[in-house]
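# Architecture at a glance
Given next are the chains, with one letter for each unit.
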Amino acid sequence: MNVYDGWRIAAMLDARGLAATDKISDADIIILNTCAVREKATNKVFSELGRVRDEKKSDALFGIVGCVAREVGAGAFRRIPELNFVLGPQSYHRLPDILDNPDARLLNIDLGGLEKFDELPQMTSSPVVSYIPIQEGCNHCCTYCIVPYTRGRELSRSFDDVMRDTIAAAKTGAVEICFLGQNVNGYKYTDENGREFRLSDLIRETAKIPEIKRIRFTSSYPTEMTDDLIQMFSIEPKLLPFLNMPIQSGAPDVLKRMNRPYSLDGYMDIINKLRLARPDIQISSDFIVGFPGESDSDFEQTLEIANRVRYINSYSFKYSPRPRTAAAIMPNQIPENIKKERLAILDARLGEIQREFNEGCVGRTMPCLYEGPDKTGKYMIFRTPYMQQCIVKDSPRADYKILNIKITAANKASLRGEISQD
Ligand code: 5AD
Ligand code: SF4
């Protein structure tokens, strides 16, 4: 979501005649787009702001947008008096105000609107993989999570707005569409005639666009994986066989204290239904280790669920207490050294599973999306239907889109392949 927000901000600056620079000392405007989900990211924002302040031109405009802006609000001006603007994740479309009126300070951390999606200029060219936000905010109140405070309650964009952006992306270069939302499968929009639209409707409609060859969505909440959506995996071949559906922990007691009200059986039922719909589907997850009160045996259960589901490509984090969240004041906070140890054990296990999955792909031929040349410009980077990176040692060709790639080698992080001649 932050990457997408960054694109929109860049498109707006572009439309106003500004061009990107790599050098802070050359910039006329410097914007830090920020994440507040873990403490480390928040702390980094302030050290980075200090660095920018020291390097920038004295008259350059400079500010923060995003979730840390919303979290610290006017306090940001007290910590860094040189800041010109502080704009929350739903008010960055107010950036033109500061360009028009550079001597005023601008603070807006309001929530409750999706105007930003419509008020900023559209992008004139789209990346091959285009993100399209369909909803923002979250009504699940996981006790560790700051998102319901920083991005607010769930708001779904209208079906027509999403489809307009999707078609525009397809016409300007997108081959893959990734629908975005903090709780993407909670998407629900009712039009003026009372007709309700769900994520499955967006997928069905998007699949009709000839330029779009692949569709995916992230991030999904397990209990909102409704049957209409699961069915899409069996009837819509453009929907990739890959789903990010975070479980966070494999221990029922921890899930209860996280306020994630699903049982392991319920979660496994959803996975089984998905596998019935699309036998080759692969799942990825997010995990939090060291949640308050997490015992050794709770942690063992997280390892067990990882072994059972065989997640590919997951993200795991040490629990980080966040302001205003219920978990931050729970008893039995876990010491840092134990969190670190558990994270290393879980990461090692997830890495092995991922390597085994990658190695199992050797010899297979898969339709892969060409993303562009590698850093050296000599080779090509493709993305498999399971989101694995696949390097092909061949000279880049601009006209490639989806090609059959034969996988020839694998390690934990990526695959090697060659263009299939069959
Ligand atoms: N501490 C650690 N990880 C967190 N996440 C959300 N809040 C926290 C927190 N307080 C993780 C969850 C979520 C991902 C985006 O970030 O795993 O799925
Ligand atoms: Fe945060 Fe995701 Fe839970 Fe919503 S579902 S509160 S975004 S972790």
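To start, this report covers the structure provided alongside it. (Residues numbered from 1 in each chain as written. Chains lettered and ligands numbered in written order. Predicted model: local features only at pLDDT ≥ 70, side-chain atom pairs only at ≥ 80, totals over all residues. Heavy atoms only, no water.)

## Here we look at the sheet that holds strand S11 (residues 214-218)
Strands sit in the order S5-S8-S11 across an open sheet of three strands; the sheet is parallel. Across the chains shown, the open sheet's two edge strands, defined by having one partner strand only, are strand S5 (129-133) and S11. Pairwise comparison of adjacent strand axes, ignoring direction, gives a mean angle of 25° for this sheet. Across the sheet, helix H8 (residues 159-171) touches S5 and strand S8 (176-180), and the angle it forms with S5 is around 170°. (Pairing = 2+ DSSP bridges. Helix = DSSP H or I, 4+ residues; strand = E, 2+ residues; numbered from the N terminus. Axes fitted to C-alpha atoms, helices over the stretch in contact; angles between N-to-C directions. Contact = heavy atoms within 4.5 Å.)

## Notes on the site of ligand 1
Surrounding ligand 1, one finds Val-37, Arg-38, Tyr-144, Gln-248, Asp-286, Ile-288, Phe-317, Lys-318, Tyr-319, Ser-320 and Arg-322. Interatomic distance of 2.9 Å between a side-chain N/O atom of Arg-38 and an oxygen atom of ligand 1. Tyr-144 is positioned with one of its backbone polar atoms (N or O) 3.0 Å from a nitrogen atom of ligand 1. When ligand 1 is considered free in solution it has 410 Å² of accessible area, and contact with the protein chains removes 85% of it. Among the elements of the structure, strand S14 (286-289) and strand S15 (315-318) are those that each provide at least two residues to the shell around ligand 1. Across the shell around ligand 1, the residue classes break down as five nonpolar, two polar and four charged. (Near = heavy atom within 4 Å. Polar contact = N/O pair within 3.5 Å; in protein donor to acceptor, adjacent residues only side chain to side chain. Areas by Shrake-Rupley, 256 points an atom, 1.4 Å probe, with all protein chains shown as cover. Nonpolar A, V, L, I, M, F, W, Y, C, P; charged D, E, K, R; others polar.)

## Examining the nonpolar core
Residues Phe-179, Phe-217, Met-225, Tyr-267, Leu-274 and Ile-283 are the most contacted members of the largest nonpolar core, which totals 67 residues. For this core, the element with the highest residue contribution is helix H12 (residues 264-277), accounting for seven residues. Setting aside anything within four residues of it in sequence, one finds Met-225 in contact with Asn-185, Phe-217, Ser-220, Ile-230, Phe-233, Leu-243, Met-245, Ile-270 and Leu-274. (Core = buried A, V, L, I, M, F, W, Y, C linked by side-chain atoms within 4.5 Å. Buried < 20%, exposed > 50% of the residue type's maximum accessible area, 1.4 Å probe, protein only.)

## Things to note about helix H9 (residues 199-206)
The buried fraction of H9 is high, at six of eight residues. Within H9, the full set of buried residues consists of Leu-199, Ser-200, Asp-201, Leu-202, Ile-203 and Thr-206.

## Some points on the sheet that holds strand S1 (residues 29-34)
The pairing of strands in a sheet comes from backbone hydrogen bonds and takes either a parallel or an antiparallel form. Taken together, the four strands give an open sheet; going across it, the order is S1-S2-S3-S4, and neighbouring strands pair in parallel fashion. Of all the strands in the sheet, just S1 and strand S4 (106-108) have a single pairing partner and so form its edges. Across this sheet, the average inter-strand angle for adjacent strands is 15°, counted without regard to direction. Together, S1 and strand S2 (61-66) form the strand contacts of helix H1 (residues 2-15), whose direction differs from that of S1 by roughly 160°. Of the strands in this sheet, S1 and S2 are in contact with helix H2 (residues 39-55), which crosses S1 at around 175°.

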